[in-house]
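# Reading the structure
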Amino acid sequence: MYGQTTITKIPNKIIHLDLYVDESKNRTYTNFDGNKETITYIMIMAVPKDRKDKLYKKLNNSRCLSEKQNIFDKCNEKCKFHCENDGELHYTEIQKKNNVKYKIADRWLDILLENNLNDEKSIYFNTLGIIESNLDINRFGNEKQFGNIYCRFFRSCLLRLIAMFKEYDQVIIDNIFHDKTTEMELHPYFNTNAIKQIRMQQLFEVIKRHSLKQIK
């Protein structure tokens, strides 16, 4: 006689992400053949929600260059460095090594390297370069062509990023933050198109797998 068997259901492994997105437009380079190429880059950084606060504190405290005080929020705002440190870090402003923002950017790169070396799983990112000179622009509509191209390849960049989380049963993107200086904020499809198309693709994959099982 067999005793009663209890089956415990293993809960789904779920991760919540916030995404931070920016682009760099119309970068012109000369390739090995001597021809010029125009490239637009899309970069997406993903931060797991349960690691976001800790990462923010690390990044923010790295703004404080005082030897006595390492907590930026507690720094005296009359400190001669405070106002300069409390701002956007743009690559054009960090060229000089004696520049305050260069030092902050250097610390941020250290945080990224530590994340990778120690497998902290706080920062994930993907960068996609679009060689515009290889595209048939006419296939992207007559209006808002850049926006249409951007939406299409943003989805590709996002899918590659999501593929990094294969160990999870479900990836939930809670927020996507994008730089406001771009015209994408006014594009009719940018806010919803990428997520909508990805959901449709996932639905078709589920239907396809289910159909294959039935055939077998």
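Coordinates for the structure precede this section.
None of the values given here were measured: they were computed from a predicted structure.

### Looking at the environment of Thr38
Within the secondary structure layout, Thr38 lies in strand 2 (residues 36-48). As for Thr38 and Thr28, which are separated by 10 residues in sequence, their C-alpha atoms are 4.4 Å apart.

### What to know about the environment of Met164
Its location among the elements puts Met164 in the loop between helix 4 (145-162) and strand 4 (170-178). Distance in space between the C-alpha atoms of Met164 and Tyr124 is 8.3 Å, their sequence separation being 40 residues. Discounting chain neighbours no more than four positions away, the residues touching Met164 are Tyr124, Phe125 and Asn126.

### A closer look at the packing of aromatic side chains
For the structure shown, the criterion picks out 4 aromatic pairs. Ring geometry for Tyr20 against Phe177: centres 5.1 Å apart, planes inclined by 15°, an arrangement best described as stacked. Here Phe177 lies in strand 4 and Tyr20 lies in strand 1 (residues 14-30), a separation of 157 residues in the sequence. We classify Tyr20 as partly exposed; its relative accessible area is 27%. In this structure an aromatic cluster arises from ring pairing among Tyr124, Phe165 and Tyr168. Cation over ring: Lys13 sits above Tyr168, and NZ or CZ is 5.1 Å from the ring centre.

### With respect to the sheet that holds strand 3 (residues 124-131)
On the basis of which strands lie adjacent, the open sheet formed by 4 strands has the order 3-2-1-4 and mixed pairing. In the strand order of this sheet, the two ends are held by strand 3 and strand 4, each with one partner. Neighbour-to-neighbour, the strand axes of the sheet open up by a mean angle of 25°, direction not taken into account. Bridging between strand 1 and strand 4 involves 8 bridges; their strand directions are parallel. The residue bridging Val21 from the neighbouring strand is His178, located in strand 4. Packing against the sheet, helix 1 (residues 52-61) makes contact with strand 1, strand 2 and strand 4, and its axis sits at approximately 120° to strand 2.

### A closer look at the nonpolar core
Buried together is how nonpolar side chains tend to be arranged in soluble globular proteins. Judged by nonpolar contacts, the single largest core of 20 residues is most densely connected at Leu19, Ile42, Ile44, Ala46, Phe154 and Phe165. Only strand 1, strand 2, strand 3 and helix 4 provide two or more residues apiece to this core. The biggest single contributor to this core is helix 4, with 8 residues.

### Re the pattern of salt bridges
On inspection of all chains with the given rule, the structure shows 5 salt bridges. Asp174 is the salt-bridge partner of Lys49, the closest N and O atoms lying 3.4 Å from each other. Placement of Lys49 in the loop between strand 2 and helix 1 and of Asp174 in strand 4 is noted, with a sequence separation of 125 residues between them. Given the relative accessible area of 33%, Asp174 is considered partly exposed. Measuring nitrogen to oxygen at the nearest pair gives 3.3 Å for the salt bridge that ties Lys58 to Glu120. In this pair, Lys58 sits in helix 1 while Glu120 sits in the loop between helix 3 (100-117) and strand 3, placing the two residues 62 residues apart along the sequence.

### Some words on unusual backbone geometry
Although it is not a glycine, Asp119 sits at a positive phi angle of roughly 50°. Structurally, Asp119 is set in the loop between helix 3 and strand 3. One non-glycine residue, Lys121, lies in the positive phi region at around 55°. Position of Lys121 relative to the elements: it lies in the loop between helix 3 and strand 3.

Criteria and thresholds
- Residues numbered from 1 in each chain as written.
- Predicted model: local features only at pLDDT ≥ 70, side-chain atom pairs only at ≥ 80, totals over all residues.
- Heavy atoms only, no water.
- Helix = DSSP H or I, 4+ residues; strand = E, 2+ residues; numbered from the N terminus.
- Contact = heavy atoms within 4.5 Å.
- Phe/Tyr/Trp six-rings, centres within 6.5 Å; stacked < 30°, edge-to-face > 60°.
- Buried < 20%, exposed > 50% of the residue type's maximum accessible area, 1.4 Å probe, protein only.
- Lys NZ or Arg CZ within 6 Å of the ring centre and 35° of its normal.
- Pairing = 2+ DSSP bridges.
- Axes fitted to C-alpha atoms, helices over the stretch in contact; angles between N-to-C directions.
- Core = buried A, V, L, I, M, F, W, Y, C linked by side-chain atoms within 4.5 Å.
- Salt bridge = Lys/Arg side-chain N within 4 Å of Asp/Glu carboxyl O.

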